[in-house]
Amino acid sequence: MAQFYKKMKRFFPLIVIAFILFASSCTSEYICQCVVKYSGNPPALPDSAVFEFAIKDKKKDAAKKCEENSTSITENDITMDEKCQLY
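Residues numbered from 1 in each chain as written. Predicted model: local features only at pLDDT ≥ 70, side-chain atom pairs only at ≥ 80, totals over all residues. Heavy atoms only, no water.

Colleague: I tried to follow the overall build of the chain on my own but got confused; where do I start?
Modeller: A count of helical and extended segments in the chain gives two helices and four strands. Overall, the chain shows an N-to-C arrangement of helices and strands of α-β-β-α-β-β. Looking at the chain residue by residue over its 87 residues, the buried ones come to 15%. Partitioning the contacts of the chain with sequence separation of at least 6, the portion at a separation of at least 24 is 54%. (Helix = DSSP H or I, 4+ residues; strand = E, 2+ residues; numbered from the N terminus. Buried < 20%, exposed > 50% of the residue type's maximum accessible area, 1.4 Å probe, protein only. Contact = heavy atoms within 4.5 Å.)

Colleague: It is not clear to me how the state of the cysteines should be interpreted in this structure. Could you clarify?
Modeller: Where two cysteines share a covalent bond between their sulfur atoms, that bond is called a disulfide. Counting across every chain of the model gives two disulfides. Paired through a disulfide, C32 and C66 show a sulfur-sulfur distance of 1.9 Å. Handedness of the C32-C66 disulfide follows from its S-S torsion of about 75 degrees: it is right-handed. In this pair, C32 is assigned in strand β1 (residues 28-40) and C66 in helix α2 (residues 59-67), connecting sequence segments 34 residues apart. Taken individually, C32 and C66 each receive the classification buried, so the pair is uniform in this respect. (Disulfide = S-S within 2.5 Å.)

Colleague: When you look at the pattern of salt bridges in this model, what are you seeing that I'm missing?
Modeller: It is possible for side chains bearing opposite charge to pair when their charged atoms get close. Considering all chains together, one arrives at one salt bridge under this definition. Across the salt bridge formed by K65 and D57, the nearest N and O atoms sit 2.6 Å from each other. K65 gets classed as partly exposed once you look at its relative accessible area, which sits at 42%. (Salt bridge = Lys/Arg side-chain N within 4 Å of Asp/Glu carboxyl O.)

Colleague: How do you make sense of the side chain of Q33 when you look at a structure like this?
Modeller: The topology assignment puts Q33 in strand β1. Engagement of the side chain of Q33 in a polar contact is seen with the side chain of E52, the distance being 3.0 Å. (Polar contact = N/O pair within 3.5 Å; in protein donor to acceptor, adjacent residues only side chain to side chain.)

Colleague: I tried to follow the sheet that holds strand β4 (residues 78-86) on my own but got confused; where do I start?
Modeller: As a general point, the strands of a sheet are linked pairwise by backbone hydrogen bonds and lie either parallel or antiparallel. If you walk across this open sheet you meet the four strands as β2-β1-β4-β3, and the pairing is antiparallel. Each end of this open sheet is capped by a strand with a single partner; those strands are β2 (49-57) and β3 (71-75). Recorded for the sheet is a direction-independent mean angle of 15 degrees between the axes of neighbouring strands. Relative to β4, β1 runs antiparallel, the two being bridged by nine bridges. Counted as the bridge partner of K37 is D81 from β4. (Pairing = 2+ DSSP bridges. Axes fitted to C-alpha atoms, helices over the stretch in contact; angles between N-to-C directions.)

Colleague: What am I meant to see in a nonpolar patch on the surface here?
Modeller: Taken together, the side chains of M8, F11, L14 and I15 make up a nonpolar region of the molecular surface, amounting to roughly 380 Å² of accessible area. Mapped onto the fold, I15 is located in helix α1 (residues 2-24). On the basis of relative accessibility, which here comes to 45%, the residue I15 falls in the partly exposed class. (Patch = residues over 30% accessible without salt bridge, like charges linked within 9 Å, V, L, I, M, F, W, Y side chains within 5 Å. Areas by Shrake-Rupley, 256 points an atom, 1.4 Å probe, with all protein chains shown as cover.)

If you want it as structure tokens, here you go:
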């Protein structure tokens, strides 16, 4: 039994490194794409715009952070809609 513990002491650092690599592999870099559209009565509104930015997190958390950037604002008969989602 004592030999077993001696062998485990040798492999413990490898086990810790493997665990860290496995745990960090769940985190990836995702692209959040936001589309901005303008609508309303005034002429010469800006064209739709698309912009992207990176989010490094777990997929579920990255999607949540990305979608939190979605918004809709109406002011002076002009509406700006911004919808964001993982790309």
